[in-house]
Amino acid sequence: MSLDIDQIALHQLVKRDENQLELVLRDTLLPATHAVEEMAEELHRVYSAKSKAYGLFNEDSELADALRNCRKGDDDFLAFSRAATGRLRDELGKYPFAEGGVVLFLHYRYLAVEYLLIAVLNSQSSMRVNEQLDISSTHYLDINHADIVARIDLTEWETNPESTRYLTFLRGRVGRKVADFFMDFLGASVGLDTKAQNRGLLQAVDDYCAESDLDKNERQNYRQQVYTYCNDQLQAGEEIALHDLSSELPPLGEKTFQAFTQEQGYELEETFPADRSTLRQLTKFAGSGGGLTLNFDAMLLGERIFWDPTTDTLTIKGTPPNLRDQLQRRTSSK
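Position numbers for residues start from 1 in each chain and track the written sequence from start to end. Per-residue local features of the predicted model are confined to residues with pLDDT of at least 70, and side-chain atom pairs are confined, for both listing and counting, to 80 or more; whole-chain, interface and lining totals are unaffected and use all residues. Remark: hydrogens and water are excluded; side-chain values derive from all non-hydrogen atoms of the structure.

A.B. asks: Looking at this model, I keep getting lost on the overall build of the chain. Mind explaining?
C.D. replies: Secondary structure elements follow DSSP: runs of H or I of four or more residues count as helices, runs of E of two or more count as strands, with numbering from the N terminus. If you tally the helices and strands in the chain, you get 11 helices and 16 strands. It is over C-alpha atoms that the radius of gyration is taken, and the globule rule equals 2.2 Å times the number of residues to the power 0.38. Relative to its length of 334 residues, the chain is extended, with a C-alpha radius of gyration of 25 Å against a globular reference of 20 Å. For the chain, buried positions account for 38% of its 334 residues. Here, residues are in contact when the closest pair of their heavy atoms is within 4.5 Å. Of the contacts formed within the chain by residues at least 6 apart in sequence, a portion of 66% connects residues at least 24 apart. When the accessible surface of the chain is summed, it comes to about 19,300 Å², and 47% of that surface belongs to carbon and sulfur atoms. Neither His nor the chain ends contribute to the count of charged residues, in which Lys and Arg are positive and Asp and Glu negative. The atom standing in for a charge is NZ when the residue is Lys, CZ when it is Arg, CG when it is Asp and CD when it is Glu. Where the 36 positive side-chain charges of the chain centre and where its 54 negative ones centre are 8 Å apart. Partly exposed residues are those whose accessible area sits between 20% and 50% of the maximum for their type, while under 20% is buried and over 50% is exposed, using a 1.4 Å probe and protein chains only. For the accessible areas, the method is Shrake-Rupley and the probe is 1.4 Å, while residue cover comes only from the protein chains on display.

A.B. asks: Can you help me understand the packing of aromatic side chains in this one?
C.D. replies: One pair of aromatic rings is described through two measures. These are the centre distance and the angle between the planes. Two rings from Phe, Tyr or Trp (for Trp, the six-membered ring) form a pair when their centres are within 6.5 Å of each other. A pair whose planes differ by under 30 degrees is stacked, one over 60 is edge-to-face, and the rest are tilted. Under the counting rule described, the total for this entry stands at 13 aromatic pairs. Measuring from centroid to centroid gives 5.8 Å for phenylalanine 57 and tyrosine 166, while their planes differ by 40°, and the two rings are tilted. Remark: tyrosine 166 occurs in the loop between helix H4 (154–159) and strand E9 (167–169) and phenylalanine 57 occurs in strand E3 (residues 53–57); sequence separation between them is 109 residues. Here the aromatic residues Tyr208, Tyr222, Phe257, Phe260 and Tyr266 are joined through ring pairs into a cluster of three or more. For the cation-ring pair, lysine 52 lies above tyrosine 47, with the distance from its terminal atom to the ring centre recorded as 5.1 Å. Throughout this description, the term charge over a ring refers to an Arg CZ or Lys NZ atom that lies within 6 Å of the ring centre and within 35 degrees of the ring normal.

A.B. asks: Which parts of the structure should I look at to understand the packing of helix H6 (residues 194–211) against helix H9 (residues 257–264)?
C.D. replies: Convention adopted: a line fitted to C-alpha atoms gives each axis, helices being fitted over their contacting stretch, and angles between N-to-C directions are expressed from 0 to 180 degrees. Interaxial distance between H6 and H9 falls to 10 Å at its minimum, and their mutual angle equals 105°. Regarding the angle of H6 to H9, the classification is roughly perpendicular. On the side of H6, the interface is formed by Leu201, Ala204, Val205, Asp207, Tyr208 and Glu211, while H9 contributes Phe257, Phe260, Thr261 and Gln264. The classification used treats Ala, Val, Leu, Ile, Met, Phe, Trp, Tyr, Cys and Pro as nonpolar, Asp, Glu, Lys and Arg as charged, and all other residues, Gly among them, as polar. Of the residues contributing to the contact of H6 with H9, the split by class is 6 nonpolar, 2 polar and 2 charged. Each angle gets one of four labels, with under 35 degrees taken as roughly parallel, over 145 as roughly antiparallel, 65 to 115 as roughly perpendicular, and the rest as oblique.

Okay, structure coming up:
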């Protein structure tokens, strides 16, 4: 992995009681030892693989101002990280669920792009066996389950300040409150809406097919072509490029797919990240609620699966063998 650490700082927030988070601040930066490099690479890998929300700094963001001063050389990276950890403690202290953690500031380069990653990492206990086959407890940073993380694309921020996507963050497993306090700490607002972009793409595909009066099979084949391209981009870690997608699709009528989206005003970005759950709707229907979970190929609608919108009823002809076996065993036991 071509990841080069520039600077890395580590501090800690310790919860002493229900209302107090204590700061434990390092006086020096972490040296880029082999262990530190491995940790940085793992954190980068785990974060890059997760679904992220996009944001941008507010005009009055204290963190952005402090970061600018650091970038200009008015403050050093350690001083920036110490002051930022204090602000994070103040924001966290407003919430009753606030817990402590290790606060990490990682300034690094990857594939010619400069990043600042900020994370709050929890420690977990585990057991280990030493060379004498004795068992002892050990603590480790739970990087795989880190959910309080943000990353600033410094290259994008400084070269394209009007961008709405130079900052990414995780929403967190305990809901909006985590995102709220972290966004307040960053002084940032939500930027590019990835799900909205993907939903807009799906709507444009359906409208494009409808305008061309394709039959059911032709429409589904077209959706499959769109899904194949988008899924390939997702697997490669690349974004959906509207021009490239349009080039791979056969034109329906006189207009290319890209020309149709521009003419109809779908407000799609030239490139945007793929959203796995949204794109799945190109080839499948899925939903859950009230103890019921359904997932089936889109091609089955109207063939083996029929929906009556008046009664909101699905009729399924031909159940899967394993499901049929369960149903038969359950009904025969009554």
